[in-house]
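# Understanding the architecture of this molecule
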Amino acid sequence: MATADVTTDGPLEPTTGPQSTRSAVIVGGNRIPFARTGGAYVKSSNQDMLTAALEGLVARFGLQDQRIGEVAAGAVLKHSRDFNLTREAVLGSALSPETPAYDLQQACATGLETVLGLSNKIKLGQIDSGIAGGVDSASDAPIAVSEGLREILLDLNRAKTTVQKLKIIGRIRPKDLAPDAPNTGEPRTGLSMGEHQALTTAQWKISREAQDELAFNSHRNLAAAYERGFFDDLITPYRGLNRDSNLRADTTLEKLATLKPVFGKNLGSEATMTAGNSTPLTDGASTVLLATGEWADAHGLPKLATVLDGEAAAVDFVHGKDGLLMAPVFAVPRLLARHGLTFEDIDFFEIHEAFAGTVLSTLAAWEDEEFGRTRLGLDGPLGKVDRAKLNVNGSSLAAGHPFAATGGRIVASLAKMLHEKGTVNGRPARGLISVCAAGGQGVVAILEAA
Ligand SMILES: CC(=O)CC(=O)SCCNC(=O)CCNC(=O)[C@H](O)C(C)(C)COP(=O)(O)OP(=O)(O)OC[C@H]1O[C@@H](n2cnc3c(N)ncnc32)[C@H](O)[C@@H]1OP(=O)(O)O
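Sequence order sets the numbering: in each chain, residues are counted from 1 along the sequence as written. The model is predicted, so local features are restricted to residues of pLDDT at least 70 and side-chain atom pairs to those at 80 or more, both for listing and for counting; the totals for chains, interfaces and linings are taken over all residues. Here the side-chain values reflect all heavy atoms present in the structure, with hydrogen atoms and water set aside.

## Some details on the overall build of the chain
The secondary structure content of the chain amounts to 14 helices and 14 strands. What the globule rule says is 2.2 Å times the number of residues to the power 0.38, and the radius of gyration is computed from C-alpha atoms. Taking 22 Å as the expected radius of gyration for a compact globule of 450 residues, we find that the chain reaches 22 Å, a close match to that expectation. Three labels apply to residues, based on accessible area from a 1.4 Å probe with only protein chains included: buried if under 20% of the type maximum, exposed if over 50%, partly exposed otherwise in between. Every one of the 450 residues in the chain was classed for burial, and the buried ones make up 56%. Partitioning the intrachain contacts of the chain with sequence separation of at least 6 by distance along the chain shows that 79% fall at a separation of at least 24. Each helix is a run of DSSP H or I of at least 4 residues and each strand a run of E of at least 2, with the numbering of both proceeding from the N terminus. Residues are treated as being in contact if the distance between any of their heavy atoms lies within 4.5 Å.

## Quick word on the site of the ligand
Throughout, near means a residue has at least one heavy atom within 4 Å of the molecule or strand. By nearness alone, 27 residues border the ligand, and Arg36, Cys108, Thr251, His401 and Ala438 come closest of all. With respect to the ligand, the backbone of Thr279 contributes an N or O atom lying 2.8 Å from a nitrogen atom. Only the protein chains shown count as cover for residues, with accessible areas throughout obtained via the Shrake-Rupley method and a probe of 1.4 Å. Across the complex, the protein chains shield 70% of the 1100 Å² of accessible surface that the ligand would expose by itself. Identification of polar contacts relies on pairs of N or O atoms within 3.5 Å, with a donor-acceptor requirement for protein atoms, meaning one able to donate a hydrogen and the other able to accept it, and with residues adjacent in sequence counted only if both atoms are side-chain atoms.

## A short note on the packing of helix H3 (residues 110-124) against helix H14 (residues 406-421)
Contact geometry for H3 and H14: axes closest at 5 Å, N-to-C directions at 60 degrees. Comparing the axis directions of H3 and H14 gives the class oblique. Contacts between H3 and H14 involve Gly111, Leu112 and Val115 on the former and, on the latter, Gly407, Gly408 and Val411. To define axes, lines are fitted to C-alpha atoms, for helices over the stretch in contact only, and angles between the resulting N-to-C directions are given on a 0 to 180 degree scale. Here the word oblique covers every angle except those under 35 degrees (roughly parallel), over 145 (roughly antiparallel) and from 65 to 115 (roughly perpendicular).

## Looking at helix H6 (residues 193-203)
Burial analysis of H6 places eight of its 11 residues in the buried class, the great majority of the element. Met193, Gly194, His196, Gln197, Ala198, Thr200, Thr201 and Ala202 are the residues of H6 that are buried. Contact partners of the buried residues in H6: helix H7 (208-227), strand E6 (261-263), strand E7 (273-274) and helix H11 (356-367). The positive-phi residue at the C-terminal boundary of H6 is Lys205, with phi of around 55 degrees.

## A short note on the nonpolar core
Ile26 and Leu290 are the most contacted members of the largest nonpolar core, which totals 57 residues. The leading source of residues in this core is H14, at seven residues. If we skip the residues at most four places from it in the chain, Ile26 touches Val288, Leu289, Leu290, Pro302, Lys303, Leu304, Ala305, Val307, Val411, Ala415 and Leu447. In terms of nonpolar packing, the next biggest core, distinct from the first, is built from 37 residues, Trp204, Leu335, Ala365 and Leu382 among them. To form a nonpolar core, buried Ala, Val, Leu, Ile, Met, Phe, Trp, Tyr and Cys residues must be joined to one another through side-chain atoms within 4.5 Å.

## Details of the pairing of strand E5 (residues 129-136)
Where burial is concerned, most of E5 is hidden: eight out of the eight residues are buried. As defined by bridge partners, E5 adjoins strand E8 (residues 282-291) across eight bridges and the pair is classed as antiparallel. Each residue of the ladder has a partner; that of Ser129, found in E8, is Ala291. Strand pairing is defined by DSSP finding a minimum of two bridges between the two strands.

## What to know about the packing of aromatic side chains
Aromatic rings from Phe, Tyr and Trp, taking only the six-membered ring of Trp, are treated as a pair when their centres fall within 6.5 Å; an angle between ring planes under 30 degrees marks them as stacked, one over 60 as edge-to-face, and anything in between as tilted. The final tally for this structure, using the stated rule, is eight aromatic pairs. Measuring from ring centre to ring centre gives 5.6 Å for Trp204 and Phe371, while their planes differ by 75 degrees; the resulting arrangement is edge-to-face. Of this pair, Trp204 sits in the loop between H6 and H7 while Phe371 is found in helix H12 (residues 369-374), placing the two residues 167 residues apart along the sequence. Taken individually, Trp204 and Phe371 each receive the classification buried, so the pair is uniform in this respect. Taken together through their ring pairs, the aromatic side chains of Trp204, Phe330 and Phe371 make up a single cluster. When the NZ atom of lysine or the CZ atom of arginine is within 6 Å of a ring's centre and also within 35 degrees of its normal, the charge is said to sit over that ring. Above the ring of Phe231, the side-chain terminus of Arg31 is found at 5.6 Å from the ring centroid.

## A closer look at unusual backbone geometry
One non-glycine residue, Asp65, lies in the positive phi region at around 65 degrees. As for its placement among the helices and strands, Asp65 is situated in the loop between helix H1 (46-61) and strand E3 (70-73). At Asn425, a residue that is not glycine, the phi angle is positive and equals roughly 50 degrees. Within the element layout of this structure, Asn425 appears in the loop between strand E11 (423-424) and strand E12 (427-428).

## So, the pairing of E3
Of the two faces of E3, the one holding Glu70 and Ala72 and the one holding Val71 and Ala73 are both buried throughout. Two strands pair when backbone bridges link them, and E3 and E5 are joined in this way by three bridges, in the parallel orientation. Paired with Glu70 across the two strands is Gly130, which belongs to E5. With three bridges joining them, E3 and strand E4 (residues 101-103) adopt parallel strand pairing. Looking across to E4, one finds that Val71 is bridged to Ala101. With the strands pointing away from the viewer, any crossover whose connection runs clockwise from the first strand over the helix to the second is right-handed. A crossover links E3 with its parallel partner E4, the connecting element being helix H2 (residues 85-91), and its sense is right-handed.

## Section: the state of the cysteines
Any two cysteine sulfur atoms lying within 2.5 Å of each other are counted as a disulfide. With the rule as written, the count across this model stands at zero disulfides. Of all cysteine sulfurs in the structure, the one in Cys108 sits closest to Cys436, which takes part in no disulfide; the separation is 6.4 Å. Exposure remark for Cys436: the relative accessible area of 4% places this residue in the buried category.

## As for the confidence of the model for the chain
The predicted model of the chain has a mean per-residue pLDDT of 94, with 97% of residues at 70 or higher. Each residue carries a pLDDT value, the predictor's own confidence for that position, ranging from 0 to 100. Note that pLDDT drops below 50 for residues 1-8; the model gives that stretch 16 contacts with residues more than four away or on any other chain. Among the scores for the predicted complex, ipTM is 0.95 and pTM is 0.94.

## Some words on the side chain of Thr282
Structurally, Thr282 is set in strand E8. Take Thr282: its relative accessible area is 5%, and that puts it in the buried class. Within the structure, Thr282 has its side chain in polar contact with the backbone oxygen of Pro280 (distance 2.8 Å). Within polar-contact distance, the side chain of Thr282 engages the backbone nitrogen of His401 at 2.9 Å. With sequence-adjacent residues up to four places away left out, Thr282 is seen in contact with Phe34, Ala35, Thr37, Asp136, Ser137, Ala138, Ala399, Gly400, His401 and Pro402.

In structure tokens, the structure reads:
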């Protein structure tokens, strides 16, 4: 694979990569089952769910009263009262209150970004242990007041006399009472993520059948993983749920084929995205414990995998140059090149299933000769992902996608899969994570069995 002669269209030149000799190991993870929005967690706040996921992690690894180096987590949809919900979750847990904690936000890549940030701090020697995580609730989405009402309320707060207050209240008009609710729309285009993906799905000519098959496999693989007990030490039951409530073990290709398109309806016969091959709105939280190998040993804890490296990319979706969710297409070749790796060297591919069309468009771009040459600066296509290695324990289409919590779900599952696999041809088993994010961004990472 060559990365020379990269055009201005192509990726940035690879940087030198991690320089530290210390490595960051993944000890394990814990999440609560993911719940469809409006379901089991309808009465839970982000703080409730993040605290529950953290508490499960603390219990699993005996971290009561421990002072952890740092805890970093975040949520995409946050109430203004949650200015640092990670710190509040720490204070609500059995961890030492002397554990520093902060929120980070990188849309759907939040969970992965917190893992990478903490693993870099571990590698640099700034901390010896860290907990990464993420949480989101579309059930408890923050609803703001309109701009007009906000101005009136601020004036009201400043008013000194009753007469002044009454005058200000008299300015309220019915239109001011309309709530300002968050949505999945991109601020610069006004299109929802699903509508953006519908354009990309059509551009890459991804068939309805291929999308439904990917969705079907996601449910089948997730169900099989539950059956073999894969999640027994990754999930703590919460509010009566012990499995992701979106999982449909009984779904069929025939049933999926009957669902009506929900995105890209103006594309006519090319409208292929349905509720079955799109992620549902979801509530949930996840956490991951990271440390140096020495710290894990000293605490008698397992070392499942190491965080080799990560990379981020962004695309110009505003002017239609690339699809909104296509940034990982550029980040992955950069990351592989930095380590002299190809797809042949990867044993598991964890590609976040925002929509089935996202995964399939990404794979199509990597397999495309012209795209490889003109956009990635390679001699040909990046390569073909072996489907038998793709999302083998299910992914977001079946588990659901509580935005910021998805990265932690993937990292903890992949670390366990790599630990189970051990070595391949005498080298540590290796897994690639790819997460697309709102705003035309993407974050990717490589983990290796420890
Ligand atoms: C955020 C980032 O930074 C990056 C990203 O990840 S981008 C992704 C962000 N996420 C989103 O944009 C969320 C997108 N999803 C949605 O908006 C909504 O889930 C949706 C519009 C796709 C569907 O909403 P909905 O209509 O409420 O779905 P829902 O009622 O569950 O399903 C519709 C029908 O399909 C059926 N169905 C859904 N999945 C099925 C399956 N796997 N098998 C069989 N039937 C299924 C349901 O049973 C339902 O049937 P009935 O009408 O007979 O009850």
